[in-house]
Amino acid sequence: MPPTNPGRRRALTDAAIDLLAAAGVHGLTHRAVEKAAELPPGTASNYFRSREALLVAAAERIVELHLADMDQAAQQHKTAAAPPASATELVVDLLTESLLVAATTLRTRYLAIFELRLEAVRRPVLASALAGLQDSSTRFTAGHHAELGLPIPRERIPALLALYGGALFTLVTAPPESISKDVVQGVAHTIVHGALR
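Residues numbered from 1 in each chain as written. Predicted model: local features only at pLDDT ≥ 70, side-chain atom pairs only at ≥ 80, totals over all residues. Heavy atoms only, no water.

Participant: Describe the pattern of salt bridges, naming the residues involved and giving the relevant values.
Facilitator: The full count for this structure, using the stated rule, is seven salt bridges. For glutamate 52, the salt bridge is made with arginine 123, and the minimal N-O distance between the two is 3.2 Å. Taken as a pair, glutamate 52 in helix 4 (residues 51–78) and arginine 123 in the loop between helix 6 (107–120) and helix 7 (124–147) lie far apart in primary sequence, 71 residues in all. Under the relative-accessibility criterion, arginine 123 is labelled buried at 19%. With a closest N to O distance of 2.5 Å, aspartate 69 and arginine 109 form a salt bridge. Here aspartate 69, found in helix 4, pairs with arginine 109, found in helix 6; they are 40 residues apart in sequence, far enough to count as distant. Arginine 109 sits in the buried class, given a relative accessible area of 12%. Because the salt bridges share partners, they merge into one network encompassing Glu52, Glu119, Arg122 and Arg123. (Salt bridge = Lys/Arg side-chain N within 4 Å of Asp/Glu carboxyl O. Helix = DSSP H or I, 4+ residues; strand = E, 2+ residues; numbered from the N terminus. Buried < 20%, exposed > 50% of the residue type's maximum accessible area, 1.4 Å probe, protein only.)

Participant: Give me the lowdown on helix 2 (residues 30–37), citing residues and values where you can.
Facilitator: Listed as buried for helix 2 are His30, Val33, Glu34 and Ala37. Looking straight down helix 2, one finds its buried side chains confined to an arc of 100°; they lie on one side. Glutamate 38 sits one or two positions beyond helix 2 and adopts a positive phi of about 55°. (Arc of directions from axis to C-beta.)

Participant: Go over the side chain of histidine 66, please, and point to the residues and values.
Facilitator: Among the structural elements, histidine 66 can be located in helix 4. Setting aside its immediate chain neighbours within four residues, histidine 66 contacts Arg109, Tyr110, Leu133, Ser136 and Ser137. (Contact = heavy atoms within 4.5 Å.)

Participant: With reference to specific residues and values, describe the layout of surface pockets.
Facilitator: Here the largest pocket is characterised by a volume of approximately 950 Å³. Lining of the largest pocket is provided by 34 residues; of these, His66, Met70, Ser98, Tyr110 and Tyr164 occupy positions nearest its centre. Residue assignment for the lining of the largest pocket shows that the elements contributing at least two residues are helix 4, helix 5 (87–103), helix 6, helix 7 and helix 8 (157–172). Of the residues belonging to the lining of the largest pocket, the class tally is 19 nonpolar, twelve polar and three charged. (1 Å grid on protein atoms, 1.4 Å probe; cavity = no way out; pocket = protein on both sides within 12 Å on 5 of 7 lines; lining within 4 Å. Points joined across faces, edges and corners; volume = space filled by probe spheres on them. Nonpolar A, V, L, I, M, F, W, Y, C, P; charged D, E, K, R; others polar.)

Structure (structure tokens):
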């Protein structure tokens, strides 16, 4: 029977996410995860029998964290102060905030996501674990726009997300010192005006 200590499992998956960002998929081993999580040898293999199981667990943890972040963002936007002058300006502000946080505060997580996405091309089980990211982002974006009263047609959301994903990759993989709010806001402005024109 597999171990059931959720705190220890979380420590292992969080360490796996950090390792994916720092050392890539090839640097992710059971021993490296145990060392990073400061747990005894053999702990990771007790929870995750194979390297693929460890990768899937890291992906599932990322999806869990991503969903929690989306819920928190929605709550913050509901209680925000004065709205911008226009719907377009509001979308630019939302994208700027999201991209800036992803490229700075959550950079490690997004580097790990990109590593996992590339590996998922060759591992269907990993692709399945990550499918929730795209699906939940599409649903969240449509629902969030509706709650905020934004007149964005649902059929434009995939294009908006595709442009966002490309910008996200570019910003997260750029040197951290090159990221500023002005740079990110310029990118967000281009995305919104390109996708919603």
